[in-house]
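Residues per chain, in single letters:
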Amino acid sequence: MIESRGEKIFYGCNYVLLSLIALATLYPFLYVLSASISSPEAVVTGEVLLFPKNLTIEAYQAVFAEKEMWSGYANTIFYTVVGTLTSMAFTICGAYALSKKRLFGRTFFNLLISFTMVFQAGMIPTYLNFRDLDLLDTRTGIILGFAITTYNVIILRAFFQSIPEEIEEAARIDGASEAGVLFRVVLPLSKAAIATITLFYAVSRWNGYFWAMILLKDTDKIPLQVLLNRLVVQMKPSDTMLMDSAFSIGETIIYATIIVAVIPIVIVYPFIQKYFVKGVMIGSLKG
């Protein structure tokens, strides 16, 4: 296919624009990475723009020497893994039930669930609800209290509705139960959607800090993101860092902590990207 001059100009401008957007998106990450392995003097004086200056790993040594950092990492992994599995279990069950026309009161339940996307209780009533349920300062409160996102339920419900009913009927004729249809037919056909929603939940769990900061008081239960918030936003380093001579490296500790916090998601994402690309197209095409 021969491209016209106008098409070549359009594609060229498109590539340049997308490249600039990609660079603008990638630059903050590269800067934080470079600053984390540069000398504090170079960072403070503004010498670090893209590439590191005076390579050093003292910031990472200070970060990994902090005991709270390891416990925060373990808590974050726990909340992410267990929380995501719990969220997916509830979301799949809810979306599958709501996708069936034979569900009694289906329209009412769909409207009720959609209502929560517009109107919410607010922070104070939510906190009081956690208090009355005795879920303050508990891991259970973090896992179950935020197990379902309405938007994810609606997306997964729409995908389940797109699966031909004839396939499910054939499975029932072969003797499959309702659970058998879900686990043997529906879920294998929904890998892209499941991977996408799982990624949404996992990223949300990994980055979540606000409610963990409010609900959790025990240092042994707080996730890594709360520690990062204290260090970056509130500027409250731990006693160990204050007593450690390595804390003299200053801002580089903040950048090293940010890299430590985001690197697991960066590593995992490429392995599920193909499912994510398919999943975000849910509902855009029919046939």
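Small disclaimer: the values here were computed from a predicted structure and weren't measured.

Analysis parameters
Residues numbered from 1 in each chain as written. Predicted model: local features only at pLDDT ≥ 70, side-chain atom pairs only at ≥ 80, totals over all residues. Heavy atoms only, no water. Core = buried A, V, L, I, M, F, W, Y, C linked by side-chain atoms within 4.5 Å. Buried < 20%, exposed > 50% of the residue type's maximum accessible area, 1.4 Å probe, protein only. Helix = DSSP H or I, 4+ residues; strand = E, 2+ residues; numbered from the N terminus. Contact = heavy atoms within 4.5 Å. Polar contact = N/O pair within 3.5 Å; in protein donor to acceptor, adjacent residues only side chain to side chain. Phe/Tyr/Trp six-rings, centres within 6.5 Å; stacked < 30°, edge-to-face > 60°. Axes fitted to C-alpha atoms, helices over the stretch in contact; angles between N-to-C directions. Parallel < 35°, antiparallel > 145°, perpendicular 65-115°, else oblique. Nonpolar A, V, L, I, M, F, W, Y, C, P; charged D, E, K, R; others polar. Patch = residues over 30% accessible without salt bridge, like charges linked within 9 Å, V, L, I, M, F, W, Y side chains within 5 Å. Areas by Shrake-Rupley, 256 points an atom, 1.4 Å probe, with all protein chains shown as cover. Salt bridge = Lys/Arg side-chain N within 4 Å of Asp/Glu carboxyl O. 1 Å grid on protein atoms, 1.4 Å probe; cavity = no way out; pocket = protein on both sides within 12 Å on 5 of 7 lines; lining within 4 Å. Points joined across faces, edges and corners; volume = space filled by probe spheres on them. pLDDT = per-residue confidence, 0-100.

Undergrad: When you look at the nonpolar core in this model, what are you seeing that I'm missing?
TA: What tends to happen in soluble globular proteins is that the nonpolar side chains get buried as a cluster. Core analysis: the biggest nonpolar cluster contains 23 residues, and V63 and Y255 have the highest contact counts within it. The element best represented in this core is helix α15 (residues 251-279), accounting for seven residues. Those residues within four positions of Y255 in sequence are excluded, and the remaining contacts are Y31, V32, A35, S36 and V43. Grouped together as the second largest cluster of nonpolar side chains are 21 residues, A95, Y96, V186 and I197 included.

Undergrad: For this particular structure, what's the right way to read the side chain of N75?
TA: Its location among the elements puts N75 in helix α4 (residues 67-98). What makes N75 buried here is its relative accessible area of 6%.

Undergrad: For this particular structure, what's the right way to read the side chain of S36?
TA: Structurally, S36 is set in helix α1 (residues 5-36). A polar contact is formed between the side chain of S36 and the backbone oxygen of L33, at a distance of 2.7 Å. Setting aside residues up to four positions removed in sequence, S36 forms contacts with T56, A59, Y60, T252, Y255, A256 and I259.

Undergrad: Just to check I follow, could you spell out the packing of aromatic side chains for this structure?
TA: The way to describe two aromatic rings as a pair is by their centre distance and the angle between their planes. Taken as a whole and judged by the stated rule, the model has 13 aromatic pairs. For the ring pair Y31 and Y255, a centre distance of 5.8 Å and an interplane angle of 85 degrees mean the geometry is edge-to-face. Of this pair, Y31 sits in helix α1 while Y255 sits in helix α15; the two residues are 224 residues apart in sequence, bridging distant segments of the chain. Taken individually, Y31 and Y255 each receive the classification buried, so the pair is uniform in this respect. Ring centres of F146 and W211 lie 5.7 Å apart, and the angle between their planes is 35 degrees; this geometry places the pair in the tilted category. Taken together, the residues F146 in the loop between α7 (139-145) and α8 (150-162) and W211 in helix α12 (residues 210-215) connect sequence positions 65 residues apart. The exposure class assigned to F146 is partly exposed, which follows from its relative accessible area of 28%. Members of the aromatic cluster, joined through ring pairs, are F130, F146, F210 and W211.

Undergrad: Got a minute to help me understand the packing of α8 against helix α11 (residues 191-207) in this structure?
TA: A pair of packed helices can be characterised by two numbers: the angle between their axes and the separation between those axes. The N-to-C vectors of α8 and α11 enclose an angle of 175 degrees; their axes lie 10 Å apart at closest approach. When the interaxial angle is binned, α8 and α11 end up roughly antiparallel. For the pair formed by α8 and α11, the contact residues are N152, I155, L156 and F159 on the first element and A193, I194, I197, F200 and Y201 on the second. The residue inventory of the contact of α8 with α11, partitioned by class, reads eight nonpolar, one polar and no charged.

Undergrad: I'm lost on helix α13 (residues 224-232) in this one. Help?
TA: Residue pairs three or four apart in sequence face the same way in an α-helix, which turns once every 3.6 residues. Taking burial as the measure, the nine residues of α13 include seven buried ones, the bulk of the element. What α13 keeps buried is the set L224, Q225, V226, L227, L228, N229 and L231.

Undergrad: Can you walk me through a nonpolar patch on the surface in this structure?
TA: Taken together, the side chains of L26, Y27, L30, L49, L50 and F51 define a hydrophobic patch exposed on the protein surface, amounting to about 560 Å² of accessible area. The topology assignment puts Y27 in helix α1. Using a relative accessible area of 37% as the deciding quantity, one classes Y27 as partly exposed.

Undergrad: How should I be thinking about the layout of surface pockets in this particular structure?
TA: To locate leftover empty space, one rolls a probe as large as a water molecule over the atoms. By volume, the largest pocket is sized at about 1,100 Å³. As for the largest pocket, its lining consists of 33 residues, and the residues nearest its centre are G145, F146, A147, I148 and T149. At the level of elements, α4, α5 (106-118), α6 (123-132), α7, α8, α11 and α12 are the ones that each hand at least two residues to the lining of the largest pocket. Per-element tally for the lining of the largest pocket: the top contributor is α4, with five residues.

Undergrad: Mind showing me how you'd approach the confidence of the model for the protein here?
TA: Detailed reading of predicted coordinates is not advised where the pLDDT is low. With 87% of its residues at a pLDDT of at least 70, the protein reaches an overall mean of 83. Taken as a whole, residues 242-248 scores under 50 in pLDDT and shows seven contacts with residues more than four places along the chain or in a different chain.

Undergrad: When you look at the environment of R184 in this model, what are you seeing that I'm missing?
TA: Assignment of secondary structure puts R184 in helix α10 (residues 178-186). Once the C-alpha coordinates of R184 and A171 are considered, the two residues, 13 residues apart in sequence, prove to be 8.8 Å apart.

Undergrad: It is not clear to me how unusual backbone geometry should be interpreted in this structure. Could you clarify?
TA: Negative phi values dominate among residues other than glycine, just as trans dominates among peptide bonds. Residue N54 is not a glycine yet carries a positive backbone phi of 55 degrees. Among the structural elements, N54 can be located in the loop between α2 (40-44) and α3 (58-64). Take N54: its relative accessible area is 55%, and that puts it in the exposed class. Positive phi, normally seen in glycine, also occurs at D137, with a value near 55 degrees. Counting through the fold element by element, D137 comes out in the loop between α6 and α7. Taking the relative accessible area as the measure of exposure, D137 reaches 24% and is therefore partly exposed.

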